[in-house]
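Chain by chain, the residues:
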Amino acid sequence: MSGLSPIVEVRDVSITFPGVKALDNVSFRLLPGEVHALMGENGAGKSTLIKALTGVYQIDSGAILIGGVERHLTGTASAQEAGLSTVYQEVNLCPNLSIGENVMLGREVRGWLGIDWTATHAEAQRALARLGLGDLDPRATLSSISIAMQQLVAISRAMVTDSTVLILDEPTSSLDSNEVEVLFDVVRRLRDQGVAILFVSHFLDQVYEISDRVTVLRNGR
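Heads up: these notes are all about the structure in this document. Owing to the predicted nature of the structure, the values given are computational and were not obtained by experimental measurement.

With that settled, consider the overall build of the protein. Per the secondary structure count, the protein includes seven helices and eleven strands. Over its C-alpha trace the protein gives a radius of gyration of 18 Å, about what one expects of a compact globule, namely 17 Å for 221 residues. The buried share of the protein, reckoned over its 221 residues, is 48%. Residue pairs in contact within the protein that sit at least 24 positions apart in sequence constitute 67% of those at least 6 positions apart. Of the charged side chains in the protein, 18 are positive and 26 negative; the average position of the first set lies 5 Å away from that of the second.

This part is about the nonpolar core. Among the nonpolar cores identified, the biggest contains 37 residues, and Ile-155, Leu-166 and Leu-190 are the most heavily contacted of them. No other element matches the seven residues that helix α5 (residues 147-159) contributes to this core. Those residues in contact with Leu-166 that sit more than four places away from it in its chain are Ser-85, Val-87, Ile-155, Ala-158, Met-159, Leu-190, Val-195, Ala-196, Ile-197 and Leu-198. Counting residues in each nonpolar core, the second largest holds 27 residues, with Ile-15, Val-26, Ile-50 and Leu-217 among its members.

Summarising the element assignment, Arg-157 is placed in helix α5. C-alpha of Arg-157 to C-alpha of Gly-100: the two residues are 57 residues apart in sequence and 9.1 Å apart in space. Apart from residues no more than four positions distant in its own chain, Arg-157 is found in contact with Asn-92, Leu-93, Asn-102, Val-103, Leu-105 and Arg-107. A distance of 3.4 Å separates the side chain of Arg-157 from the backbone oxygen of Asn-92, its partner in a polar contact.

Here we come to the side chain of Thr-120. Within the secondary structure, Thr-120 is located in helix α4 (residues 117-130). Polar contacts involving the side chain of Thr-120 include one to the main-chain amide nitrogen of Val-109, which spans 3.0 Å. For Thr-120, the contacting residues outside a window of four places in its chain are Met-104, Glu-108, Val-109 and Ile-115.

This next bit is on the sheet that holds strand β6 (residues 84-87). One open sheet holds the five strands; their spatial order is β6-β9-β10-β3-β11, and the pairing between them is parallel. Of all strands in the sheet, those with a lone pairing partner are β6 and β11 (213-216), marking the two edges. The sheet shows a mean angle of 20° between the axes of neighbouring strands, direction not considered. For strand β3 (residues 35-39) and strand β10 (residues 196-200), the ladder comprises four bridges, and the chain directions are parallel.

Moving on, we come to the pattern of salt bridges. Considering all chains together, one arrives at eight salt bridges under this definition. Here Arg-188 makes a salt bridge to Asp-185, at a shortest N to O gap of 3.6 Å. With Arg-188 and Asp-185 both in helix α6 (residues 177-192) and three residues apart, this pair spans about one turn of that helix. Salt-bridge contacts for Asp-192 lead to Arg-191; the nearest nitrogen and oxygen are separated by 3.4 Å. Since its relative accessible area comes to 61%, Asp-192 is described here as exposed. Connected through salt bridges with shared partners, the residues Lys-21, Asp-24 and Arg-221 form a single ionic network.

In this model, the largest pocket occupies a volume close to 410 Å³. As for the largest pocket, its lining consists of 18 residues, and the residues nearest its centre are Gln-80, Thr-86, Tyr-88, Asn-92 and Arg-157. For the lining of the largest pocket, the secondary-structure elements that each account for two or more residues are α2 (76-81), β6 and α5. Looking at the lining of the largest pocket, the element that brings in the most residues is β6, giving four residues. Residue classes in the lining of the largest pocket are distributed as eight nonpolar, seven polar and three charged.

Here is what the cut-offs are and how they apply
Residues numbered from 1 in each chain as written. Predicted model: local features only at pLDDT ≥ 70, side-chain atom pairs only at ≥ 80, totals over all residues. Heavy atoms only, no water. Helix = DSSP H or I, 4+ residues; strand = E, 2+ residues; numbered from the N terminus. Rg over C-alpha atoms; globule rule 2.2 N^0.38 Å. Buried < 20%, exposed > 50% of the residue type's maximum accessible area, 1.4 Å probe, protein only. Contact = heavy atoms within 4.5 Å. Lys, Arg positive; Asp, Glu negative; His and termini not counted. Charge placed at Lys NZ, Arg CZ, Asp CG, Glu CD. Core = buried A, V, L, I, M, F, W, Y, C linked by side-chain atoms within 4.5 Å. Polar contact = N/O pair within 3.5 Å; in protein donor to acceptor, adjacent residues only side chain to side chain. Pairing = 2+ DSSP bridges. Axes fitted to C-alpha atoms, helices over the stretch in contact; angles between N-to-C directions. Salt bridge = Lys/Arg side-chain N within 4 Å of Asp/Glu carboxyl O. 1 Å grid on protein atoms, 1.4 Å probe; cavity = no way out; pocket = protein on both sides within 12 Å on 5 of 7 lines; lining within 4 Å. Points joined across faces, edges and corners; volume = space filled by probe spheres on them. Nonpolar A, V, L, I, M, F, W, Y, C, P; charged D, E, K, R; others polar.

Read these as spatial facts, not as claims about activity.
And the structure:
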């Protein structure tokens, strides 16, 4: 793995808020086909780093390179355009819509008469099957499945864009041990497909189980 070129490289990035240096010359490399854990206590800078990678925060100094090219991310749309998707701890989906509608939201298949729902649900089925979730009925209402499965639907939605980088922000905080294993099966499947995964967690046992490498932040460094 050491011979691979990084898909994401953070070089000496700093971000300062009034009275606080949230990130202080932080550098790290995220490789394709690896699960890279990001750890640190509350206030260490993990959320700030994620928001820098997703374009929510602008960096004060340093550089973010994606695929070897320096990128100036201006928001979540530009981050997604660059191949970075994020799934947060709180599932950001629409429980009143179907699983398939959530997976394909904003990317529905369209025909002459508007959205082709048959084709859209078929595309959702393919996206779910890619993650080993082919047993889920894309026409079922999202609210009919567990929070853990909704988290996997959120990951499937993130991967519809063919993202090369998936950021998982505390994805296991509300899951039991069996649900964590289902999630980890999906994470391993994506890793084996060459996706780079940044895994943010406080749980050391989970970090040791799933991660290939670890970066620890402390006081923004």
